[in-house]
Amino acid sequence: MKAVHLFLAFFRVGILGYGGGPASIPLVHKEVVDKYNWMNEDEFSDLLALANTLPGPVATKLAGYIGYRVQGVRGMLNATLAVMVPTIVLMIVLLTSISSIKDQAWVQGMTEAVVPVVGVMLAVLTWQFLKKSKSGLGWTVTLVMAVVTGLLMEAAGVHPGIIIAALLLVAIFKKDKKAGDAQ
């Protein structure tokens, strides 16, 4: 039964994740943390941070890891295929008919209507991460880090993966330093 649930969870992510990886993250969260309880909030946050430092689509990385965690190699293949199949099928169907429907008002309206929905989903996920960060770091450090990160990405053009990798290194060395002090 786990295999069926795993497939359905990531199939829903694949079919409803309109807008790519960022739009898929709240859907994966809903399935994995809220619906099936395969991970808790902290584990998902850690996995998401790690997944964002690696190359490739975030939804397939999340599906691969979570599938492996739930059901081993079979689960990894199951979840990864489940998240990719809807996109593959829809791309084949849409690419064969795109030239005839791309100028239709309903297609343009659908595309425009999805943008605010994805924005709200990302805002909810951002708020959840801010609350988690606040409980660990406090509001001052959280807000300073958010502002500095935003400036680095938008004003200086620094890639988010570089920022995440740098923060991971700081956390590793800070943790090692504390462990060394205890000896």
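Above: the structure in question.
Residue positions are counted from 1 within each chain, in the order its sequence is given. Since the coordinates come from a predicted model, pLDDT governs what is reported: local features require at least 70, and pairs of side-chain atoms require 80 or more to be given and counted, while whole-chain, interface and lining totals use all residues. In computing side-chain values, all of the structure's heavy atoms are included and hydrogens and water are not.

Trainee: Quick question: what am I supposed to make of the environment of Val 70 here?
Mentor: Helix and strand labels come from DSSP, where a helix needs a run of H or I of at least four residues and a strand needs a run of E of at least two; each type is numbered from the N terminus. Within the secondary structure, Val 70 sits in helix H4 (residues 58-101). Accessibility here uses a 1.4 Å probe with only protein chains present; expressed as a share of the type maximum, an area under 20% marks a residue as buried, one over 50% as exposed, and anything in between as partly exposed. Overall, Val 70 belongs to the buried group, its relative accessible area being 15%. Along the backbone, Val 70 and Leu 6 are 64 residues apart, and their C-alpha atoms lie at a distance of 8.1 Å. Whether two residues are in contact is decided by their heavy atoms, any of which lying within 4.5 Å being enough. Leave out the neighbours within four places in its chain, and Val 70 touches Lys 2, Leu 6 and Trp 38.

Trainee: Quick question: what am I supposed to make of the packing of aromatic side chains here?
Mentor: Centres within 6.5 Å are what make two rings of Phe, Tyr or Trp a pair, Trp counting through its six-membered ring; a difference in plane orientation under 30 degrees is then read as stacked, over 60 as edge-to-face, and the rest as tilted. Overall, the coordinates contain 3 aromatic pairs when judged by the stated rule. Plain terms: the ring middles of Tyr 36 and Trp 38 are 4.6 Å apart, the flat faces sit at 10° to each other, and that makes the pair stacked. For the pair shown, Tyr 36 and Trp 38 are each scored as buried.

Trainee: Sorry, what's going on with the environment of Gly 119 here?
Mentor: When you line up the elements, Gly 119 lands in helix H5 (residues 105-137). The exposure class assigned to Gly 119 is partly exposed, which follows from its relative accessible area of 37%. The spatial distance from the C-alpha of Gly 119 to the C-alpha of Ser 45 is 19 Å, given a sequence separation of 74 residues.

Trainee: What should I look at first to understand the pattern of salt bridges in this one?
Mentor: Proximity of charged atoms lets side chains of opposite charge pair with each other. A pairing counts as a salt bridge when a side-chain nitrogen of Lys or Arg comes within 4 Å of a carboxyl oxygen of Asp or Glu. As enumerated under the stated definition, the model contains 4 salt bridges in all. In this structure, Lys 132 engages Asp 42 in a salt bridge whose closest nitrogen and oxygen atoms are separated by 3.5 Å. Taken together, the residues span a long stretch of sequence, with Lys 132 in helix H5 and Asp 42 in helix H3 (residues 41-53) at a distance of 90 residues. Classification of Asp 42 as partly exposed rests on a relative accessible area of 43%. For Arg 69, the salt bridge is made with Glu 43, and the minimal N-O distance between the two is 2.9 Å. Of this pair, Arg 69 sits in helix H4 while Glu 43 sits in helix H3, and the two are 26 residues apart along the sequence. Classification of Arg 69 as partly exposed rests on a relative accessible area of 36%.

Trainee: Would you explain the environment of Thr 126 in this entry?
Mentor: Residue position: Thr 126 is located in helix H5. When its relative accessible area of 43% is taken as the criterion, Thr 126 is described as partly exposed. Sequence separation between Thr 126 and Pro 26 is 100 residues; the distance between their C-alpha atoms is 9.6 Å. Among the polar contacts made by the side chain of Thr 126, one reaches the main-chain carbonyl oxygen of Leu 122 at a distance of 2.7 Å. Two N or O atoms form a polar contact when they lie within 3.5 Å of each other; inside protein one atom must be a possible hydrogen donor and the other a possible acceptor, and for residues adjacent in sequence the pair counts only when both atoms belong to side chains.

Trainee: Whenever I open this one, the nonpolar core confuses me. Can you help?
Mentor: One broad rule of soluble globular proteins: the nonpolar side chains tend to lie buried together. Phe 10, Val 28, Val 32, Trp 38, Phe 44, Leu 62 and Ile 66 are the most contacted members of the largest nonpolar core, which totals 26 residues. Of all the elements in the fold, those that place two or more residues in this core are helix H1 (2-16), helix H2 (21-35), H3 and H4. The biggest single contributor to this core is H4, with 9 residues. Setting aside its immediate chain neighbours within four residues, Phe 44 contacts Ile 25, Val 28, His 29, Val 33 and Met 39. Residue types Ala, Val, Leu, Ile, Met, Phe, Trp, Tyr and Cys, when buried and joined through side-chain atoms within 4.5 Å, form a set referred to as a nonpolar core.

Trainee: It is not clear to me how unusual backbone geometry should be interpreted in this structure. Could you clarify?
Mentor: Across residues other than glycine, the phi torsion is negative in most instances, and most of the peptide bonds are trans. The phi torsion at Asn 37 lies on the positive side, around 55°, for a residue other than glycine. Mapped onto the fold, Asn 37 is located in the loop between H2 and H3.

Trainee: Could you clarify how one ought to interpret the layout of surface pockets in this entry?
Mentor: Empty space among the atoms becomes visible once a probe the size of a water molecule is rolled across them. Grid points spaced at 1 Å and placed over the protein atoms alone form the basis of the search, with a cavity being a set where a 1.4 Å probe fits but cannot get out and a pocket an open set showing protein on both sides within 12 Å along at least five of seven lines. Lining residues have an atom within 4 Å of a point. Grid points are joined across faces, edges and corners, and a volume is the space filled by probe spheres set on the points. Reported here for the largest pocket is a volume of approximately 1800 Å³. In this structure, the largest pocket is lined by 38 residues; those nearest its centre are Ala 49, Phe 129, Met 145, Ile 164 and Leu 167. Mapped onto the lining of the largest pocket, the elements with two or more residues apiece are H2, H3, H4, H5, helix H6 (139-154) and helix H7 (160-182). The dominant element in the lining of the largest pocket, judged by the number of residues it contributes, is H7, at 10 residues.

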